[in-house]
Amino acid sequence: MASIQQVVLNSRPGKNGEPVAENFKVEESYLPQDLQEGQVKVCTKFLSVDPYMRCRMNEDTGADYLLPWQVSSVVTGGGVGLVEDSKHQNFRKCDVVTSFSWPWQTRAVVDGAVLTKIDPELIDGHLSYMLGAVGMPGLTALLGVREKGHVTPGANQTMVVSGAAGACGMLAGQIGRLEGCSRVVGICGSDEKCQILVSEIGFDAAINYKKDNVAEKLREYCPAGVDAYFDNVGGDISNTVINQMNPNSHIILCGQISQYNKDVPYPPPLPPPIDVILKERNIKRERFLVLNYTEKFEGHWCQIWKLPQLQLDLAVFLSSPGEWLHCSLVVGSRDESAETEWLLPTSAKWSSGS
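For clarity, every value in this text was computed on a predicted model and none was experimentally measured.

**Q** I keep staring at the packing of helix H6 (residues 235-243) against helix H7 (residues 272-281) and nothing clicks. Help me out?
**A** To characterise two packed helices, one gives the angle between the axes of the helices and the distance between these axes. Where H6 contacts H7, the two axes come as close as 10 Å, and the packing angle between them is 35 degrees. Viewed along their axes, H6 and H7 form a crossing whose handedness is left-handed. Side by side, H6 and H7 meet where Asn239, Ile242 and Asn243 of the first sit next to Ile274, Ile277, Leu278 and Arg281 of the second. Across the contact of H6 with H7, the residue classes break down as 4 nonpolar, 2 polar and 1 charged.

Below, the structure is given as structure tokens:
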């Protein structure tokens, strides 16, 4: 039997605890030599490490559409790889495939029913794009802005994006501009990220929430107020943005990563004064779940790839696993032909926003 490496959930951090490296463990295991009918053997090339995975570390994820990872079992998520052997009629050796339920293993035997075949020519051979700009983060950004942002070309609207240097936030800001926003402002966690957002991604301005006065900077960068807010983080940052939102504006409730280490319902309740602002200004705060729009995936995948001037390479670079999940592992490399690389870092903290 072939030897493989796999990542298992070693322990749970608890609903009010921060994940640590010791919550995960890399183990050696083996694959069966023979495939059963309908099974496919795959070689892992890229894995996606995403904020929602913090919820899967709990025994109760708090969401009916998310199953918890089981202690001592292999963790799963979005992945891309190559078919090495197949007993499924839809897949052949060397096919490129992806799945939202990919095991964190160097190689795996999976049910062919969970796989989707990819034409690598559609993404110029960049397989990792299927986990970033042309994958779930890109779909979330595009559909979130279009379905919940209510962006109107020519209306001189201002969009603010929190977690703006993350995989989804970076794309949401670009898409907001392409959809018609006249001004896009990002909130992130370092001067380097701010510089990249403005000089390379096309944001008008960026705020480093770790050292800037967010309220003052918002007043400076959004003098006409905020019309659309793509919310990835929740908490104090979002409360500050809401304070400066215009009447009849819209919040795209994509994520609340600052709250994922706390035992609170989703979406987390707002402080009473903020809730009053929503009601008095008729601000719509609507939860957005991209899985509710699966019928639109195929068409929007193609649209993301064809959007003019959309920066894809940096979206993939800044959405690398280390950006989001310090307690886990890094998979893959910038060389998309490379073998899978497995690393467990020595320190861990789930960031409150990119």
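**Q** How should helix H3 (residues 167-179) be read in this particular structure?
**A** Residue pairs three or four apart in sequence face the same way in an α-helix, which turns once every 3.6 residues. An ideal rise of 1.5 Å per residue puts 18 Å on 13 residues; H3 measures up with 18 Å between its terminal C-alpha atoms. Summarising burial for H3: 10 of the 13 residues are buried, a large majority. Those residues of H3 that sit buried are Ala167, Cys168, Gly169, Met170, Leu171, Ala172, Gly173, Gln174, Ile175 and Gly176. Phi turns positive, to about 135 degrees, at Gly180, one or two residues after H3.

**Q** Just to check I follow, could you spell out the pattern of salt bridges for this structure?
**A** Oppositely charged side chains can pair when the atoms bearing their charge come close. One pass over the structure, following the stated rule, counts 10 salt bridges. One salt bridge connects Asp95 with Lys117, and the closest N-O pair in it is separated by 3.6 Å. Of this pair, Asp95 sits in the loop between strand S4 (76-86) and strand S5 (96-103) while Lys117 sits in strand S7 (residues 116-118), placing them 22 residues apart in sequence. Looking at Asp95, the relative accessible area reads 11%, which means it is buried. It is possible to trace a salt-bridge network through shared partners that takes in Lys41, Glu84 and Arg107.

**Q** Just checking my understanding: could you explain the side chain of Gln157 for this structure?
**A** Along the chain, the position of Gln157 falls in the loop between helix H2 (136-148) and strand S8 (158-162). Owing to a relative accessible area of 12%, Gln157 belongs among the buried residues under this scheme. Reaching out from Gln157, the side chain makes a polar contact with the backbone nitrogen of Thr152 at a distance of 2.6 Å. Once residues within four sequence positions are removed from consideration, Gln157 is found in contact with His150, Val151, Thr152, Cys181, Ser182, Arg183 and Asp227.

**Q** I tried to follow the pairing of strand S13 (residues 284-287) on my own but got confused; where do I start?
**A** A regular strand places its side chains on the two faces of the sheet in alternate fashion. When strand S12 (residues 245-253) meets S13, the two strands line up parallel, connected through 4 bridges. Note on S13: the bridge partner recorded for Ile252 is Glu286. Tracing the backbone out of S12, into H7 and back to the parallel element S13 gives a crossover that is right-handed.

**Q** Could you clarify how one ought to interpret the nonpolar core in this entry?
**A** Counting residues in each nonpolar core, the largest one holds 43 residues, and the members touching the most others are Val145, Met159, Leu197, Phe203 and Phe230. Secondary-structure elements contributing two or more residues to this core are H2, S8, H3, strand S9 (183-188), helix H4 (191-201) and strand S11 (226-231). Among all residues touching Met159, those that are not within four sequence positions of it are Val145, Val151, Ala172, Gly176, Cys181, Arg183, Val184, Val185 and Ala228. One finds Val233, Ile237, Ile251 and Tyr260 within the second-largest nonpolar core, a separate group that totals 28 residues.

**Q** Would you mind showing me how to read the sheet that holds S13 here?
**A** Strands belonging to one sheet form pairs held by backbone hydrogen bonds; the direction of such a pair is parallel or antiparallel. Read across the sheet, 6 strands follow the order S10-S9-S8-S11-S12-S13 without closing on themselves; strand pairing throughout is parallel. Among the strands making up the open sheet, the edge pair consists of strand S10 (205-208) and S13. Averaged over all pairs of adjacent strands, the angle between strand axes in this sheet comes to 15 degrees, irrespective of strand direction. Pairing geometry for S8 and S11, over 3 bridges, is parallel. Residue pairing in the sheet places Val160 in a bridge with Tyr229 of S11. Against the sheet, H4 engages S9 and S10, with an angle of about 170 degrees to S10. Sheet contacts for helix H5 (residues 214-221): S8, S9 and S10; angle to S10, the most-contacted strand, approximately 175 degrees.

**Q** Explain the side chain of Arg56 to me, please; I cannot follow it from the model alone.
**A** As for its placement among the helices and strands, Arg56 is situated in helix H1 (residues 53-56). Despite being buried, Arg56 has no salt bridge partner; Asp50 is the closest side chain of opposite charge, sitting 8.6 Å away. Beyond its immediate sequence surroundings of up to four residues, Arg56 is in contact with Arg12, Thr61, Leu66, Leu67, Pro68, Trp69 and Thr76.

**Q** Before we go on, may I ask you to explain the packing of aromatic side chains in this structure?
**A** In this description, a pair of aromatic rings is defined by centroid distance and the angle of the planes. The tally for this structure, following the rule as stated, stands at 3 aromatic pairs. Here Phe24 and Trp104 contribute two aromatic rings whose centre-to-centre distance is 6.4 Å and whose plane-to-plane angle is 20 degrees, an arrangement assigned as stacked. You can see Phe24 sitting in strand S2 (residues 24-31) and its partner Trp104 sitting in the loop between S5 and strand S6 (107-111), a full 80 residues away along the chain. Of the two residues examined, Phe24 and Trp104, each falls in the buried class. Connected via pairs of aromatic rings, a cluster forms that spans Phe24, Trp69 and Trp104.

**Q** For this particular structure, what's the right way to read the packing of H2 against H3?
**A** The geometry of H2 relative to H3 is characterised by a closest axis approach of 8 Å and an angle of 40 degrees between their N-to-C directions. Relative to H3, the element H2 is oriented oblique. For H2 against H3, the interelement crossing comes out right-handed. The segment H2 lies against H3, with Pro137, Gly138, Thr140, Ala141, Leu142, Val145 and Arg146 engaging Ala167, Cys168, Leu171, Ala172, Ile175, Gly176 and Glu179. Taken together, the residues of the contact of H2 with H3 sort by class into 9 nonpolar, 3 polar and 2 charged.

**Q** Got a minute to help me understand the confidence of the model for the protein chain in this structure?
**A** Parts of the prediction with low pLDDT should not have their coordinates interpreted in detail. Looking at the protein chain, the pLDDT average stands at 84 and 84% of residues meet or exceed 70. Here residues 314-353 scores under 50 on pLDDT; set against residues more than four positions off or in separate chains, the count is 115 contacts.

Cut-offs applied
Residues numbered from 1 in each chain as written. Predicted model: local features only at pLDDT ≥ 70, side-chain atom pairs only at ≥ 80, totals over all residues. Heavy atoms only, no water. Axes fitted to C-alpha atoms, helices over the stretch in contact; angles between N-to-C directions. Helix = DSSP H or I, 4+ residues; strand = E, 2+ residues; numbered from the N terminus. Left-handed = near helix turned anticlockwise from the far one by under 90°. Contact = heavy atoms within 4.5 Å. Nonpolar A, V, L, I, M, F, W, Y, C, P; charged D, E, K, R; others polar. Expected span 1.5 Å × (residues − 1). Buried < 20%, exposed > 50% of the residue type's maximum accessible area, 1.4 Å probe, protein only. Salt bridge = Lys/Arg side-chain N within 4 Å of Asp/Glu carboxyl O. Polar contact = N/O pair within 3.5 Å; in protein donor to acceptor, adjacent residues only side chain to side chain. Pairing = 2+ DSSP bridges. Right-handed = clockwise from strand over helix to strand, strands pointing away. Core = buried A, V, L, I, M, F, W, Y, C linked by side-chain atoms within 4.5 Å. Lys, Arg positive; Asp, Glu negative; His and termini not counted. Phe/Tyr/Trp six-rings, centres within 6.5 Å; stacked < 30°, edge-to-face > 60°. Parallel < 35°, antiparallel > 145°, perpendicular 65-115°, else oblique. pLDDT = per-residue confidence, 0-100.

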